[in-house]
Amino acid sequence: MPSTKTSNLTGFTNLLKQVYTLVRPYGLRKLLMVTGVSFLQAVSQVVSVAAIFPFLALAADPAQFETSRVGQWLMNIFPNMGNQQLLVISGVALVVALFVANAFNLFSEVYRTRFTWGFAHWLRMRMLHRINDRPYGWFLQQNTSILIKKATQDIVQFVNGILSPIIDGTSRLMITVLDRKSTRLNSSHTDISRMPSSA
């Protein structure tokens, strides 16, 4: 018998396939765009957080910072700059990076919201067109007001309960994966930079 974890994974995979089948006619380009925006949001957040570490290293130990890769790169660009000026420039660059990351984060949230509710409007209009194409006799046997109201509520529940969480979860998964890779790189660079001093 399959384990509960395997069955849950299979059910989630089937759910993703059904959601993709439903969203695909809305536009593959729009789906790729919202995925790309979510990926860029993850990159911007990880970069902005990772930019804090060089600034803290510079503030804590300027001499050790100058021997790092980031410090050598900055010293090559600004060869005649002192530690105080370098600290100010790094702080300003960090504030700008955080501002840009937050602005892009807001843009990404708005973009995803417009995508999900644009899809809801498209699906609602598609449903209304199909109802409108029914023969006259069908309308005599149905309470169309209740039918349309229920279908509209189902679309809203689908967007709020399934589509939006999947898109948001995908974005947060990207952030988590990139953040772990960035943490590993930062820790490896720290270990390398500490090797000469411990020898």
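Thresholds applied
Residues numbered from 1 in each chain as written. Predicted model: local features only at pLDDT ≥ 70, side-chain atom pairs only at ≥ 80, totals over all residues. Heavy atoms only, no water. Helix = DSSP H or I, 4+ residues; strand = E, 2+ residues; numbered from the N terminus. Buried < 20%, exposed > 50% of the residue type's maximum accessible area, 1.4 Å probe, protein only. Areas by Shrake-Rupley, 256 points an atom, 1.4 Å probe, with all protein chains shown as cover. Core = buried A, V, L, I, M, F, W, Y, C linked by side-chain atoms within 4.5 Å. Contact = heavy atoms within 4.5 Å. Axes fitted to C-alpha atoms, helices over the stretch in contact; angles between N-to-C directions. Parallel < 35°, antiparallel > 145°, perpendicular 65-115°, else oblique. Left-handed = near helix turned anticlockwise from the far one by under 90°. Nonpolar A, V, L, I, M, F, W, Y, C, P; charged D, E, K, R; others polar. Patch = residues over 30% accessible without salt bridge, like charges linked within 9 Å, V, L, I, M, F, W, Y side chains within 5 Å. Salt bridge = Lys/Arg side-chain N within 4 Å of Asp/Glu carboxyl O.

Draft legend 1. Molecular detail of the overall build of the protein. Counting its secondary structure elements, the protein contains eight helices and zero strands. Considering the protein as a whole, with its 199 residues, one finds that 23% of them fall into the buried category. Of the accessible surface of the protein, which amounts to about 13,800 Å², a share of 64% is contributed by carbon and sulfur atoms.

Draft legend 2. Structural view of the nonpolar core. If you look at the biggest cluster of nonpolar residues, it comprises 15 residues, and the most contacted ones within it are V19, V23, F115, F119, F158, V159 and L163. In terms of residues, this core owes the most to one element, helix α8 (residues 144-198), which gives six residues. Residues contacting V159, with those up to four places away along its chain left out, are T116, W117, F119, A120, S164 and P165. In terms of nonpolar packing, the next biggest core, distinct from the first, is built from five residues, L58, F65, L74 and M81 among them.

Draft legend 3. Expanded view of the packing of helix α2 (residues 28-50) against helix α6 (residues 83-132). Taken N-terminus to C-terminus, the directions of α2 and α6 make an angle of 155 degrees; their axes are 9 Å apart at the nearest point. By the angle between their axes, α2 is roughly antiparallel relative to α6. Judged by the sense of rotation from one axis to the other, the crossing of α2 with α6 is left-handed. Residues K30, L31, M33, V34, V37, S38, L40, Q41, S44, Q45 and S48 of α2 touch α6, and the partners they reach there are L94, A97, L98, A101, F104, N105, F107, S108, E109, Y111, R112 and F115. Tallied by class, residues from the contact of α2 with α6 come to 13 nonpolar, seven polar and three charged.

Draft legend 4. Seen up close, the environment of R124. Tracing the backbone shows R124 in helix α6. Looking at R124, the relative accessible area reads 21%, which means it is partly exposed. Sequence separation between R124 and I148 is 24 residues; the distance between their C-alpha atoms is 9.1 Å. The contacts of R124, once residues within four sequence positions are left out, are T152, I155 and V156.

Draft legend 5. View of a nonpolar patch on the surface. Taken together, the side chains of V88, V92, V96, F99 and V100 present a nonpolar region at the surface, about 480 Å² in accessible area. Locating V96 in the fold gives a position in helix α6. Relative accessible area serves as the criterion here: at 47%, V96 is assigned to the partly exposed category.

Draft legend 6. A look at the pattern of salt bridges. Taken as a whole and judged by the stated rule, the model has three salt bridges. When the shortest N-O distance is used, the salt bridge between D168 and R112 registers 3.2 Å. Here D168, found in helix α8, pairs with R112, found in helix α6; they are 56 residues apart in sequence, far enough to count as distant. Residue R112 is classed as buried on the basis of its relative accessible area of 2%. D154 is the partner of K150 in a salt bridge, and the nearest nitrogen-oxygen pair spans 3.1 Å.

Draft legend 7. Focus on the side chain of S108. Tracing the chain through its elements places S108 in helix α6. Of the residues examined, S108 reaches a relative accessible area of 0% and is grouped as buried. Excluding residues that lie within four positions of it along the chain, S108 makes contacts with V37 and Q41.

Draft legend 8. Looking closely at the packing of α2 against helix α3 (residues 52-60). Where α2 meets α3, the closest approach of the two axes is 4 Å, and the angle between their N-to-C directions is 5 degrees. Between α2 and α3, the angle falls in the class roughly parallel. Residues S48, V49 and A50 of α2 form the contact with α3, whose participating residues are I52, F53 and P54. The residue inventory of the contact of α2 with α3, partitioned by class, reads five nonpolar, one polar and no charged.

Draft legend 9. Representation of the environment of P165 in the model. Mapped onto the fold, P165 is located in helix α8. Residues within four places of P165 in sequence aside, it is in contact with V159 and N160.

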